[in-house]
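Each chain, letter by letter, is given below.
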Amino acid sequence: MTRIDEPVNGWLPVGSSVPDDWRQSSIWSDLTRYPEAVLALLCLTQILCWTVAPALVDAAPPGDVVEGFMWGREWVLLTYKHPQLPGWLLETSHLLSGSFRWPQYLLAQLVVSATFIFVYLLARDMLGRTRALAAVLLMPSLYFFGWPTPQFNHDYAQMPFWAAICWLLWRASRGGGPGWWLALGLVSGVGLYAKFSTGLLLLFGAIWLLSDTRARSRLATPWPWLGLAVFIAVAAPLAVELYRMDFLPLTYAAWRDQWVLAHRSRFYYISVQIAGLCGFLLVLAISGLLQRSPAPQKPVGRGTLVYLLWMGVGPAILVMVASLFTGAGEAWGAPMYNLAGVVALALLGHRLGAVEMRRLAICAFVCIIGMSGAYAGIRWTSCNLRGRMDAVCWPAQQISDEAEAVWHTAVPGRLDIVGGDTRIALLAGLNAYDKPSIFTELDMRLAPWITSQRLRDHGILLVWPGRGVPPRLQPWLDNIPVKTVLFSWSLKAPPVAISFAAVPPGVRQLPGVIDSLARPSN
């Protein structure tokens, strides 16, 4: 097997002549002569199309993104749902750009493009530059690298970490120096801050490390253990915070599993994953890689294939099986198909020629441009012509403007806290100049940045949809006036009514309500 630190060309031996079909077009031969340039063009197209399309048509960010923005401004390590690296990145994007309109979409596509790059690096080491490029060209045909990506959340934030961990582990175990083990420990630890499910890939990696003879021999050196020490040091604050929060994220995950089981078919998750792979299989067929051909003279090594199948397919299959019994969110598998193209080229790469590469390149760019254009058209039509109130249809800027107007009319101080119906309160606080905090579900366990003293000192703006006052909000209001505003959001559908009530600090009923929140419920 070629050493990991030597030039690798897993398809054409160095010095061999180029087949005639590659000489037919200088444009397509450049796909193999300059694969990094094609990769850069692919990433640039992905970033441009999937940033511009949603930014043009979405009046509000997707739901998870709004939540991420609002939680990101608190700079907490952990919320009751997940670690907060995505929230930190979203808040940073806002601080750098001053906008909530487009930076989240750019951030999402930077993450996707980073995943492309790490997958290319792994495939280049294993299969050579040509097949590595072909593997990445297959990735835009996967559903998870297209339509859902404007919703930058924890599932997508962990994508590059999964790809980087697979590459670093392979490099380190195949003769890499101490720097690779240290980088593996660092990236693995930071990956947990994107989402705890990164631990699933780490478990698969640990099992492979112990089972592969060559990789296991590296454990006799100090470097893997030093990498482990780096990982523990990076992950330790997260473990401490998880304990301090009484393991609320694990409780949330269990609740989420039960909700999925109660509201979805047991085969729902598997069906979504299979549907998400249909485009991938279609592009494989269009490219000609599924056609019969003689077996390769030098097939991919068994160790390489085992690693790709174990790390690239194993976690996805395990979660599919587990979903039959525990329930799983449809997007949870998003980072688990990073290596699908690499697996395909490891098995079918001997069939790759100029014609197949040309078809792969065309399909990749058609997928990116076509799907982003379809996204813009469907989202705009859904909001404006069909009158379907999706999360991206809410008039976020107008809601925030009205929230501040209501508050400053009633209270001289800054708007510090918003709450009520959490979905609408998030929108009310998103674009507000005062940058208020969200009081999630009016529950201090879920929003630990809200304290009794802060409520007493600063009050709260309550926001909810419709005209009537929900029963759970009535104790907050007493005789406080409620303002209901109609917001236009669609060309066809009627305006939506949203109600606002400014509860200033020091009102008579506020201490009683706060004390009831602080008392544990039976």
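Now for a quick tour of the structure. All values derive from a computational prediction rather than experimental measurement.

### Examining the pattern of salt bridges
Inspection of every chain in the model, using the stated rule, returns 13 salt bridges. Across the salt bridge formed by K81 and E67, the nearest N and O atoms sit 3.2 Å from each other. Of this pair, K81 sits in the loop between helix 3 (63-72) and helix 4 (85-97) while E67 sits in helix 3, and the two are 14 residues apart along the sequence. Residue classification places E67 among the buried residues on the basis of a relative accessible area of 13%. With a closest N to O distance of 2.6 Å, D155 and K195 form a salt bridge. One end of the pair, D155, is in helix 7 (residues 154-157); the other, K195, is in the loop between helix 9 (178-194) and helix 10 (198-211), and 40 residues separate them in sequence. The buried category is assigned to D155, whose relative accessible area is 7%.

### Examining the state of the cysteines
When the sulfur atoms of two cysteines share a covalent bond, that bond is a disulfide. Per the stated rule, a full pass over the model turns up 1 disulfide. What pairs with C383 in a disulfide is C393, and their sulfur atoms sit 1.8 Å apart. Where C383 bonds to C393 through sulfur, the torsion about that S-S bond is close to -75°, and the disulfide is left-handed. Of this pair, C383 sits in helix 18 (residues 354-384) while C393 sits in the loop between helix 18 and helix 19 (396-410), placing them 10 residues apart in sequence. Each of the two residues, C383 as well as C393, counts as buried. Free cysteine C43: the closest other cysteine sulfur is in C49, separated by 13 Å.

### Quick word on the packing of helix 10 against helix 15 (residues 302-312)
Following both chains from N to C, one finds helix 10 and helix 15 inclined at 155°, their axes separated by 9 Å at the closest point. With respect to helix 15, the axis of helix 10 lies roughly antiparallel. As helix 10 packs across helix 15, the resulting crossing turns out to be right-handed. Where helix 10 abuts helix 15, its residues L201, F204, G205, I207 and W208 lie against Y307, W310 and M311. Looking at side-chain class alone, the contact of helix 10 with helix 15 contains 7 nonpolar, 1 polar and no charged residues.

### Describing the sheet that holds strand 3 (residues 460-465)
Pairing is mixed across the open sheet formed by 5 strands, whose spatial order is 2-1-3-5-4. If you trace the sheet from one side to the other, it starts and ends with strand 2 (437-438) and strand 4 (483-487), each paired once. Across the sheet, helix 19 is in contact with strand 3, strand 4 and strand 5 (496-503); its angle to strand 5 comes to roughly 30°.

### Some points on the packing of aromatic side chains
Evaluated as defined, the whole model comprises 18 aromatic pairs. Pairing F69 with F100 gives two aromatic rings, centres 4.8 Å apart and planes at 90°, and the pair type is edge-to-face. Of the two residues, F69 sits in helix 3 while F100 sits in the loop between helix 4 and helix 5 (103-127), which places them 31 residues apart along the sequence. Across this residue pair, the class does not change: F69 and F100 are buried. Seen in terms of ring centroids, W71 and Y80 are 5.7 Å apart; in terms of plane orientation they differ by 75°. Their pairing is edge-to-face. Taken as a pair, W71 and Y80 share a single burial class, namely buried. Through a chain of ring-to-ring contacts, three or more aromatic side chains come together here, namely W71, Y80, Y252 and W255.

### Some words on a nonpolar patch on the surface
Together, L203, I207, V306 and W310 give the surface a local cluster of nonpolar side chains, amounting to about 330 Å² of exposed area. At the level of elements, helix 10 and helix 15 are the ones that each hand at least two residues to the nonpolar patch. Secondary-structure assignment places V306 in helix 15.

### Comments concerning empty space enclosed by the protein
Counted by the stated rule, this structure contains 2 cavities of 30 Å³ or more. The volume enclosed by the largest cavity comes to roughly 50 Å³. Lining the largest cavity, in full, are V260, L261, R264, S265, R266, Y269, S323, G327 and A328. The computed volume of the second largest cavity comes to approximately 40 Å³. Taken together, W162, C166, M311, G312, P335, M336, N338 and L339 form the lining of the second largest cavity. When contributions to the lining of the second largest cavity are tallied by element, the ones reaching two or more residues are helix 8 (159-173) and helix 15.

### Notes on the side chain of S99
As for its position among the elements, S99 is in the loop between helix 4 and helix 5. A polar contact of 2.8 Å, which involves the side chain of S99, links it to the backbone nitrogen of R101.

### Some details on the pairing of strand 5
Among the 8 residues that make up strand 5, 8 are buried, leaving the element largely enclosed by the rest of the structure. Burial of strand 5 is two-sided: the residues V496, I498, F500 and A502 facing one way and the residues A497, S499, A501 and V503 facing the other way are all buried. With 6 bridges connecting them, strand 3 and strand 5 associate as antiparallel partners. Across the sheet, residue V463 finds its bridge partner in strand 5, namely F500. The sheet contact formed by strand 4 and strand 5 spans 5 bridges and is antiparallel. Considered in strand 5, the bridge of K483 is made with F500.

About the cut-offs
Residues numbered from 1 in each chain as written. Predicted model: local features only at pLDDT ≥ 70, side-chain atom pairs only at ≥ 80, totals over all residues. Heavy atoms only, no water. Salt bridge = Lys/Arg side-chain N within 4 Å of Asp/Glu carboxyl O. Helix = DSSP H or I, 4+ residues; strand = E, 2+ residues; numbered from the N terminus. Buried < 20%, exposed > 50% of the residue type's maximum accessible area, 1.4 Å probe, protein only. Disulfide = S-S within 2.5 Å. Axes fitted to C-alpha atoms, helices over the stretch in contact; angles between N-to-C directions. Parallel < 35°, antiparallel > 145°, perpendicular 65-115°, else oblique. Left-handed = near helix turned anticlockwise from the far one by under 90°. Contact = heavy atoms within 4.5 Å. Nonpolar A, V, L, I, M, F, W, Y, C, P; charged D, E, K, R; others polar. Pairing = 2+ DSSP bridges. Phe/Tyr/Trp six-rings, centres within 6.5 Å; stacked < 30°, edge-to-face > 60°. Patch = residues over 30% accessible without salt bridge, like charges linked within 9 Å, V, L, I, M, F, W, Y side chains within 5 Å. Areas by Shrake-Rupley, 256 points an atom, 1.4 Å probe, with all protein chains shown as cover. 1 Å grid on protein atoms, 1.4 Å probe; cavity = no way out; pocket = protein on both sides within 12 Å on 5 of 7 lines; lining within 4 Å. Points joined across faces, edges and corners; volume = space filled by probe spheres on them. Polar contact = N/O pair within 3.5 Å; in protein donor to acceptor, adjacent residues only side chain to side chain.

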